[in-house]
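Residues per chain are reported as follows:
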Amino acid sequence: MAELPTRSLSLTINGEAIGPVDVPEDLMMIDFLHEYQGLTGSRLGCGQGICRACVVILDHDDGTSEEMRICITGAHFFNGKRIRTIEGHAERDAAGDIVALNPIQQKFIDHFAFQCSYCAPGFVNAATVLVERLQRDPLAAGELEGAIEQALGEHICRCTGYVRYYQATRAVIEELGLAKEG
Amino acid sequence: MQHPHLSRRAFLKGSVAAGIGITIAPLGSRAFAALFESRVTATPEPWASPGGARFRIDAFSKVCGGKVFARDIRARDMPGWPRQQGHAMLLKANRADHAYQGFELSSLDESLHPDRIVTAADLERDGIAFPDSHGPDPLLPQGKTPLYIGHPVAILIWHDFARYRAAKNALKFRDDLIRYGAATGEVERPPYGSFRYVRVGGDTPFAPDEFSSLKDSDLFPAIKNRRPVWPDDPSLNGDVGERGLYHAQRMAEQLEQPPENWEVFQARYTTPYIEPGALEPDNGNGWFDADSGELHFVVATQCPQEAARETALMLEGSRFAVRHLNVHPGYTVGYGSKDHNIFVYYAALAAMYGDGHPIRLANDRFEQFQSGIKRHPFDMDYRLAVDRDSLKFQIFRAHLDVNGGGRANYSASVAAVGATAAQSVYYLPRSDLATTAYPSRAVEAGSMRGYGTLQTMAATEMMVDELAERLGVDPFALRRANLLEAGMKNTQGAIPGGAIRVGEILDKAERHPLWQERHERRDARQAEDPDHLYGTGFAISQKDFGTGAEAPMASVEIDAAGRIRLRQIAIDMGTGAATSQAMNVLEVLGRPADDIKTGETDWSELALETSGNPYTMSQDEQDRLSQTPRWTPRLASPSSASNSAYYASHATREAARLVFRHGLWPAALSIWRQGIYGGQANPYVIRLEDARWVEGHLTANGMTPLSLATLAAKAHELGLITGASVHAFNRWSWASAEFALGEERSRLPLDAVAVKYGDGADDDKRRLMSSHGYHLLDRQAMRYPDVQLNNAHVTYYSPVATLVDLRVSKGSGEVEILEHYSWVECGKPIVSELVMGQLEGGVAMGIGHALLEHMPLYEDGPGNGSWNFNRYQVPLARHCAVWKQGGEILPPLSETDPAKGMGEVVMIPVVGAIVNALAHATGQRFRDLPVTPERIQEALHG
Amino acid sequence: MRRLLLGALLLAPTLAVQAADDETLIEQGRYLARAADCAACHTAEGGAPFAGGRPIESPFGTIYGTNITPDPQHGIGDYSRDDFYHALTEGETPSGRQLYPAMPYTSYHLMRREDSDAIYAYLNSLEPIARSAPETRLSFPYNQRWGVALWNLVYADALQPEDAASHSPAWQRGQYLVEAMGHCGECHTPRGWTGAMDLDHHLEGGMLAGYLAPSLKAEALAERGWTRDDLARFLRDGMSPQGSMFNEMFPVMHLSTQHLEDDDLAAMATYLLGDSPPEARRIDAHPLEELGDSARRGRQGYLDTCAGCHGIEGQGKPQVAVAMEGNTTLRLEAPDNLLKVMLNGIAAQDFPGFARMQEMPGFASKLSDAELADLSNYLRETWGGRAGDVSPEDVAALREESGHATP
């Protein structure tokens, strides 16, 4: 078997410390999750950073978070960092059964937001990042639609017309009082 | 030419799959529950109540990343498989004008060379019989010219992920891997199919036809020099083909020399080459266990039965000595592109050559563009004659050329379905529709949402709008004057099913402010905004659902605690079939199914057998075969053709009805009649037709409401029918037979029924349950719809209309959809949210078809492996007027309306509406799709 | 001097057809308006053609392209042919108002009268748009009439192209297209404090919107790997093995050069690289072992953040991202353009036909100064033939200039 250059990787995924584990130095993060961690919820859609079905949340130490496209970002970029994937949002009991969804997940299902759901992980993560940002820094009601367009606008969904994703996201933000009137 | 397999999905043959046993176990099934953190349809709170669905039955798993697509499966997930996952890729030739002379992997580091390379020579030597319907040359032999750009030449296999990934990265995008020899030009082949549908109606739309497909026949040409050739000198005294052609020629003559008061419109329309873009790319993962002779195969497909049968046939007789095939269809999504897909067999072959390792063949997006099934481009020559005084259409002539690409897929059928849909919502007294599907060196086209009708009906709506302008009449008035009304015949001479509510939709649309105020709004905006042109457009279509050979199966079972278990053969392609099928039970049994298994393929209790081709068999053959008590024209149909809402529901509801009628209802009567003198029931008259479910409890004529649990317990106690498994067949009409159920004998719209009796059943009844736990009933007086109904081509329609408001940048030619609104009539929707979701998604896909999506067909096209979503623009939210759109579902005529399929028609009117709005904005008629900024700039600025 | 120049240019083949009928003249004008890239300033993003309104950022404030549609009030509807030619070549309107020198009349003054007339005919064939462009707001003294006059004094009659007589017809035509029509020098020449071109260093590279518009001198182009064929292809397609157009050059291709005839593009390349072009320099990739410490550290950063699109070995991906191997930007002496692209990113770009380049994200918020320095050293040493001498401080300075915070 060939010797492919590897490198040690440690990171935190959904609150759980992973590694150190030796993986190829040029491995993409999506392959690390799929082939090395068995976490397949982050979907490979385009493999090229376009469709955003793969995005995960990168959490920073200052409490901010951002979307990362893991199909074009190397696994080692995340060395020492903390990420959340679609598998990590819902609250689960000791048996691993879902007890509660995060507000975005709940609204997405209430609104029948997705169909096949292949793109849903990306939308959940992007909308979650938006909601968390607005929780730190609310915006004026008049800016809400623009903020949603900004957050979700590049995500591809081939089943839906995006309508329910957008409406559900707006509903979450409004219900949490993150868009201030006037 | 031979009578072709011309109807939709006509290509499935036979039923008995070789000498290889087949088991199909969906990944969502209980056998696999332990694999996954949470079962796909497990929810911590009830997903539905008697009031309706609160969310999708599989919503929790979908929103938590737990829904398992076929693509997610690795060897480690599969019980009994070796844990190390191997991987494969297809090596492809991306020139189709030179002979292929082998490949060259020397650029690859020695250590990364594949562990196994499979070529045409291997398949030949090992006795692999690749499915005929996908042939020839699955792997191109040396010396031959590729049939199309992207023709695979080898399967490369690695036994581990790390080397596979490194090697694939090194091999991607290289154009020096394939050696080419002499220039040969494109491989020339005859058409995939060519048909003509001629109709000359009687004196009124209701009078018998003079000639039509249904009354007489479809017409078939001779093929000379790879083109269809029709008789030169047809006559009314000739055979049916000559008679049909005679009428076609009369029409042609009259269009050339029309009466004074006719306007003859002529235009040519073309449509784009479209990538379905299902986000889950094609994939399969298989392990061949040579010791046991078993092939285990996880695959993404819309048609697991076909995939399993064809895989078995392919491997039967090969050197591999396959004894059993375990197929695991995963959840997937396809919009048609995973129906009848050659990819399945490449993946199965990769597994066979895995040398004991599980092998996964999974396209990345570049590969999916390179090899995935496309939507057919149409080139359409339309002529329509109208009487200027009455505004009535006189003759419609449409000649269609359809580009099917490099492999015969459903091209012939798509060409036929496109032609027979071209009439859209209009009555056409005379019509001549000729259609030919041609091969080309493009990546193959096949089934994709719309299936030819999108192409032809959108063009019809562009034509009608332009014709109205030319006649100087209101486009709604022209449409109204020509509506196909209930009882009138379609272009094949068949009468569509049920009421036709197109006129109602027209009334609503015409009254809508978007339409009423269109001129004022445009003029006011243009006065304010010199940078843009504004316009509003409308279009309406009605589309068939189903294939003309639908074969749904379902079983409904209720346990003594009142839990309902539903098994369905349909696959949930993401549209919500699992949810809606579970909801179907609600009306009949008072609550939705608690447990649903979709994609179920083990229906051994029905012991059905099949032979012959439902589309092409003669009446004699059908009469003879239907004497066999367990014969059916078709065992199973794929999940496609918008077929779940109506056809799959038919089976679910019929099964539920049997459980109600022969289980719960007699149980209720028994409870209500408890006590002396017939108990509480005695003073009243109790009628079955008065049975009502109220908040999950059954009542009738004032009887005490009874919970499902109570009724189920009683039905079990009494040994009544507590489960039913059914099969049905539809050829634009349901097959029916008489079945004895207890004392009663009923004619049911089913061709196979098996029932289960409750726990308290006596020994006699228990003995009857000898067919895999069911009592398989013997049908009598079986009636299958006449084979001639194949020539109806369609009788089920759902209409949709869309209004679009848009603006065009004068400078860039870019189009922005500002607002749109749609109406859909789909009978009684099962879950309205799912219907609206389909509508919104369909409109988005239609916007892509009309404005955004296209690729070159050949050398620079997707076959060259450099296409992805950065070059191919699928609609994003900003293209869809996401905040400013609306739609409504017409209320059903009554709660007894059937639910009708609408998954495809929703995307059609928006296409015509956009082009018509562009005419309103720019004064230009665009006939080539998509209407790109370049085309608009060309039209605006020369 | 000016008279002499025009004499030299007269040797060049005539582009406009004499005594053409209207239709032909308009078509000719359309072509020439593209060659002169009028739309670059006079068509706003998404706006009606030539209706003005595109903001042009200058060190002295924002200048708005004017409406040059045939509207009599807001556009050039009242201009005679003479007026138009005068404005184009002298920078003065019929009413005597001085145009801001963002209007490249210092280049256009080399334009032949018949070409001006053709453009005039074309513009007059367009839909008149009754709208004024937004008012230009400049800082003192350029917001004063005398300031503009003074400014224009500095500009007047300055460009002195090389004598064309001894060159091939292609070279001559290329000179006219590059210097007069395409006014390439306006961006690719350094400017002094007045904003006027430093003509001693004509085409040697200028700063524009924070990026270097690199030198177009033959030796510099060859040093960066350019051949005539590649350069002509670059102008037509916006991409070539040396990379793809970005920043302010991208709209030039979009609006102008992609529409030019292949012969004209070849002529421009001939003019720029010369009738006997210097040989393009080839640079073989430097192996990792030979790189400096910073560059070697940068390798992993490259794999983590760049390789997904530019390829593990820098081979690029078709229609996604350019190859690093052979890339011209890596070869520039100053690392600034490279660093700014890494900081700011590049928006997704549509090239002619079905060609695309995907959006390149900016990494200002994702990578530290040290990481970016290592990365740029890796790129420049491996594929640019440059030393790995970019320091984190260099990155910090550019980061600040680009207005990005440190992550």
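The rules behind each value
- Residues numbered from 1 in each chain as written.
- Chains lettered and ligands numbered in written order.
- Predicted model: local features only at pLDDT ≥ 70, side-chain atom pairs only at ≥ 80, totals over all residues.
- Heavy atoms only, no water.
- Helix = DSSP H or I, 4+ residues; strand = E, 2+ residues; numbered from the N terminus.
- Rg over C-alpha atoms; globule rule 2.2 N^0.38 Å.
- Buried < 20%, exposed > 50% of the residue type's maximum accessible area, 1.4 Å probe, protein only.
- Contact = heavy atoms within 4.5 Å.
- Areas by Shrake-Rupley, 256 points an atom, 1.4 Å probe, with all protein chains shown as cover.
- Polar contact = N/O pair within 3.5 Å; in protein donor to acceptor, adjacent residues only side chain to side chain.
- Buried area = accessible area lost by both parts, 1.4 Å probe.
- Salt bridge = Lys/Arg side-chain N within 4 Å of Asp/Glu carboxyl O.
- Nonpolar A, V, L, I, M, F, W, Y, C, P; charged D, E, K, R; others polar.
- UniProt positions renumbered as here; feature names shortened; annotations may be inferred.
- Domains from an automatic or database assignment.
- Pairing = 2+ DSSP bridges.
- Axes fitted to C-alpha atoms, helices over the stretch in contact; angles between N-to-C directions.
- Phe/Tyr/Trp six-rings, centres within 6.5 Å; stacked < 30°, edge-to-face > 60°.
- Lys NZ or Arg CZ within 6 Å of the ring centre and 35° of its normal.
- Expected span 1.5 Å × (residues − 1).

The name an unreviewed UniProt entry gives chain C is Mono/diheme cytochrome c family protein, with Halomonas organivorans as the organism.

Looking up chain B in an unreviewed UniProt entry gives the name CO/xanthine dehydrogenase Mo-binding subunit, with the organism given as Halomonas organivorans.

1. Some words on the overall build of chain B
The number of helices and strands found in chain B is 21 helices and 37 strands. In summary, chain B has a C-alpha radius of gyration of 29 Å against a globular reference of 30 Å for 942 residues, a match within 12%. Here the C-alpha coordinates of chain B stretch approximately 90 × 75 × 65 Å along the principal axes. Within the span of chain B, comprising 942 residues, buried residues form 67% of the whole. By sequence separation, contacts in chain B at least 24 residues apart represent 79% of the contacts at least 6 residues apart. Accessible area of chain B: about 30,600 Å², with a carbon and sulfur share of 47%.

2. A closer look at the side chain of R501 of chain B
Residue and element names in this part refer to chain B. With respect to the helices and strands, R501 occurs in the loop between α10 (475-481) and α11 (502-511). Of the polar contacts made by the side chain of R501, one reaches the side chain of E504; its length is 2.9 Å. With residues up to four places along the chain from it excluded, the contact list for R501 reads E825, L890, P891, P892, L893 and D897.

3. Digging into the interface of chain B and chain A
Every contact between the two is made by 69 residues of chain B and, on the other side, 58 residues of chain A. Between chain B and chain A the total buried area reaches about 5,300 Å² when both faces are included, carbon and sulfur atoms providing 60% of it. At the boundary of chain B and chain A, one finds six salt bridges. Measuring nitrogen to oxygen at the nearest pair gives 2.4 Å for the salt bridge that ties D72 of chain B to R43 of chain A. On the surface where chain B and chain A come into contact, there are 22 residue pairs in polar contact (both at pLDDT 80 or more). Mapped onto the side of chain B that touches chain A, the elements with two or more residues apiece are α1 (59-63), α3 (161-171), α7 (365-371) and α19 (832-852) of chain B. Per-element accounting of the side of chain B that touches chain A gives the leading share, nine residues, to α19 of chain B. In terms of residue class, the side of chain B that touches chain A is made up of 35 nonpolar, 12 polar and 22 charged.

4. Re the UniProt feature "domain: Cytochrome c" (unreviewed entry) in chain C
According to UniProt, the feature "domain: Cytochrome c" (unreviewed entry) maps to residues 24-127, 169-276 and 293-383 of chain C in the numbering used here. Taken as a whole, residues 169-276 of chain C contains 48% helix and 9% strand, while its terminal C-alpha atoms sit 14 Å from one another.

5. Focus on the domain arrangement of chain B
The parts lose accessible area when they come together, and the size of an interface is often stated as this lost area. Residues and elements named next belong to chain B. Segmentation of chain B into domains returns domain 1 (21-28 + 66-186 + 282-362), domain 2 (194-273 + 375-546 + 794-941) and domain 3 (553-728 + 736-783). Listed per partner, the contact involves 12 residues of domain 1 and 14 residues of domain 3. Each partner contributes to the roughly 1,000 Å² buried at the junction of domain 1 and domain 3, and carbon and sulfur atoms together form 57% of this total. Inspection of the region where domain 1 meets domain 3 yields zero salt bridges. One can count two residue pairs in polar contact (both at pLDDT 80 or more) joining domain 1 with domain 3. Split into classes, the residues belonging to the side of domain 1 that touches domain 3 amount to six nonpolar, five polar and one charged.

6. Points about helix α2 (residues 103-110) of chain A
All names here are of chain A. For α2, the full list of buried residues reads I104, Q105, K107, F108 and I109. The distance from a side-chain oxygen at the start of α2 to the backbone nitrogen of I104 is 3.0 Å, and the residue carrying that oxygen is N102. In the segment just after α2, F112 is the residue with positive phi, at about 55°.

7. With respect to the pattern of salt bridges
One pass over the structure, following the stated rule, counts 92 salt bridges over all chains. Between E654 of chain B and R657 of chain B there is a salt bridge, and its shortest N-O distance comes to 3.4 Å. Here the residue E654 of chain B and the residue R657 of chain B both occupy positions in helix α16 (residues 644-672), the gap between them amounting to three residues, near one helical turn. According to the relative accessible area criterion, E654 of chain B is buried, its value standing at 11%. Owing to a relative accessible area of 41%, R657 of chain B belongs among the partly exposed residues under this scheme. Linking R112 of chain C and E114 of chain C is a salt bridge whose minimum nitrogen-to-oxygen distance equals 3.7 Å. Taking relative accessible area as the criterion, E114 of chain C reaches 21% and is therefore assigned partly exposed.

8. So, the sheet that holds strand β30 (residues 736-741) of chain B
Paired through backbone hydrogen bonds, the strands of a sheet run either parallel or antiparallel to each other. Residues and elements named next belong to chain B. Strand order in the open sheet formed by three strands is β31-β30-β34, and the pairing between neighbours is antiparallel. What marks the edges here is a single partner per strand, and that holds for β31 (744-748) and β34 (780-783). Ignoring strand direction, the axes of neighbouring strands in this sheet form an average angle of 25°. Relative to β31, β30 runs antiparallel, the two sharing five bridges. Residue A740 lies in a different strand from β31, and its bridge partner there is R745.

9. A word on the packing of aromatic side chains
Enumeration according to the criterion identifies 52 aromatic pairs over all chains in this entry. A ring pair is formed by F729 of chain B and Y784 of chain B, whose centres lie 5.9 Å apart and whose planes are at 70°; its orientation type is edge-to-face. Residue F729 of chain B is located in the loop between β29 (721-727) and β30, and its partner Y784 of chain B is located in the loop between β34 and β35 (797-809); the two are separated by 55 residues in the primary sequence. The exposure class assigned to F729 of chain B is buried, which follows from its relative accessible area of 0%. The buried category is assigned to Y784 of chain B, whose relative accessible area is 8%. Between the aromatic rings of W226 of chain C and F234 of chain C, the centroid separation amounts to 4.7 Å while the plane-to-plane angle is 55°, which identifies the pairing as tilted. Exposure remark for W226 of chain C: the relative accessible area of 3% places this residue in the buried category. Residue class for F234 of chain C comes out buried when judged on its relative accessible area of 13%. Following the ring pairs from residue to residue traces out a cluster consisting of F545, Y646, Y647, W732, W734 and Y796 of chain B. A cation sits over an aromatic face here: R441 of chain B above Y858 of chain B, 4.1 Å from the ring centre.

10. Quick word on the interface of chain C and chain A
Tallying the contact residues gives 16 residues for chain C and 16 residues for chain A. Counting each side, the surface lost to burial between chain C and chain A is near 1,300 Å², with a carbon and sulfur contribution of 49%. Contact with chain A buries surface across chain C, with Q300, D304 and K366 of chain C losing the most and accounting together for 39% of the total. Linking chain C with chain A are four salt bridges. Note that E359 of chain C is salt-bridged to R69 of chain A, the shortest N-O span being 3.4 Å. Elements with a minimum of two residues in the side of chain C that touches chain A: α14 (293-305) and α15 (307-310) of chain C.

11. Re the pairing of strand β1 (residues 55-58) of chain C
For β1 of chain C and strand β2 (residues 61-64) of chain C, the ladder comprises four bridges, and the chain directions are antiparallel. Looking at β2 of chain C, one finds that E57 of chain C is bridged to T62 of chain C.

12. What to know about the sheet that holds β1 of chain C
Residues and elements named next belong to chain C. The sheet built from three strands is open, its strands ordered β1-β2-β3 with antiparallel pairing. At either margin of the open sheet sits one strand with a lone partner, and together these are β1 and β3 (137-138). With two bridges joining them, β2 and β3 adopt antiparallel strand pairing. Note that in β3 the partner of G61 across the bridge is L138.

13. Remarks on the UniProt feature "binding site: heme c 1" (unreviewed entry) in chain C
Residue and element names in this part refer to chain C. Under the UniProt annotation, the feature "binding site: heme c 1" (unreviewed entry) is placed at C38, C41 and H42. Looking at the secondary structure, you find C38 in the loop between α2 (22-35) and α3 (39-42). Taking relative accessible area as the criterion, C38 reaches 9% and is therefore assigned buried. When near neighbours in sequence (up to four residues on either side) are disregarded, C38 contacts A33, F50 and I68. Among the structural elements, H42 can be located in helix α3. Those residues in contact with H42, other than ones at most four positions away along the chain, are F50, A51, G52, G65, T66, I68 and M103.

14. So, helix α13 (residues 262-273) of chain C
Residue and element names in this part refer to chain C. With 12 residues, α13 should reach 16 Å at 1.5 Å per residue; the first-to-last C-alpha distance of 16 Å fits that figure. Across the 12 residues that make up α13, a large majority, nine, are buried. Where α13 is buried, its residues touch α2, α8 (169-181), α10 (218-223) and α11 (228-237). Phi for G274, located one or two positions after α13, is positive at around 95°.

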